[in-house]
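Topology and contacts: notes
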Amino acid sequence: MRAVVLNCTLKPSPATSSTEALARVVMAELEKGGTEVDLIRLVDLNIKPGVSADEGEGDDWPAVDQKLQAADIVIFATPTWLGQMSSVALRALERLDAWFSETDDTGRPIAFGKVAGVVVTGNEDGAHNIVATICQGLIDMGFTIPGQSWTYWHLGPGPGPDYVETDQGHDYSDRVGRNAARNLIAVARAIASETYPVPESAEEG
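What counts and what doesn't
Residues numbered from 1 in each chain as written. Predicted model: local features only at pLDDT ≥ 70, side-chain atom pairs only at ≥ 80, totals over all residues. Heavy atoms only, no water. Patch = residues over 30% accessible without salt bridge, like charges linked within 9 Å, V, L, I, M, F, W, Y side chains within 5 Å. Areas by Shrake-Rupley, 256 points an atom, 1.4 Å probe, with all protein chains shown as cover. Salt bridge = Lys/Arg side-chain N within 4 Å of Asp/Glu carboxyl O. Helix = DSSP H or I, 4+ residues; strand = E, 2+ residues; numbered from the N terminus. Phe/Tyr/Trp six-rings, centres within 6.5 Å; stacked < 30°, edge-to-face > 60°. Buried < 20%, exposed > 50% of the residue type's maximum accessible area, 1.4 Å probe, protein only. Contact = heavy atoms within 4.5 Å.

1. Remarks on a nonpolar patch on the surface
A surface patch of nonpolar side chains, amounting to about 370 Å² of accessible area, comprises L10, W81 and L82. Mapped onto the elements, L10 comes out in the loop between β1 (2–7) and α1 (18–32).

2. Some remarks on the packing of aromatic side chains
With the rule as written, the count across this model stands at four aromatic pairs. Judged by centre distance (5.7 Å) and plane angle (15°), the ring pair of W99 and F143 falls under stacked. One end of the pair, W99, is in the loop between α3 (87–95) and β5 (115–121); the other, F143, is in the loop between α4 (127–141) and β6 (150–153), and 44 residues separate them in sequence. Of the residues examined, W99 reaches a relative accessible area of 1% and is grouped as buried. What makes F143 buried here is its relative accessible area of 5%.

3. Thoughts on the side chain of S173
Tracing the sequence through the fold places S173 in helix α5 (residues 170–193). A relative accessible area of 2% means that S173 is categorised as buried. The residues touching S173, leaving out its near neighbours within four places in the chain, are L22, T151, Y152 and W153.

Below you can see the structure in the form of structure tokens.
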């Protein structure tokens, strides 16, 4: 099994990312289950705006896209700003729009057979809305979303410490994150064990 975690923090490396810290809890459980995990901090790359697989010279998305296509599990990890996902996460979703026009050798959308989950951090509410919005887009593309394949951390409305600055609430968020990883692995393995007949149109074409 291979997984890709897209860290959609607004902070470039080497700045500490609370989103990455919680995502690593999920990653550790994925690795414990035998999954190879690749973490990508998108803000470190030049991800151009657009909805195609390649937006031309200098665009770093094609390399990310290749890793996503090779993955069995995809996780969007995003901070919360103004109750919404980060602009980096939204841009990644927009770039995945190109998958609507791509199919595999059997004629199925390339997202079929892949599972996805979400990690959210922030000291304000909005996590459930972000999970719902990201999952809706991924479902449209053909991803399978297992039950409880997400985790989030926040301390309620208003300013406050980040995930990496306090232990408050970690027990719940970390436990839910480990369960999310187990659910992602279980469903990914179940899908991988299935065989899909090649449509007649694919055999002829």
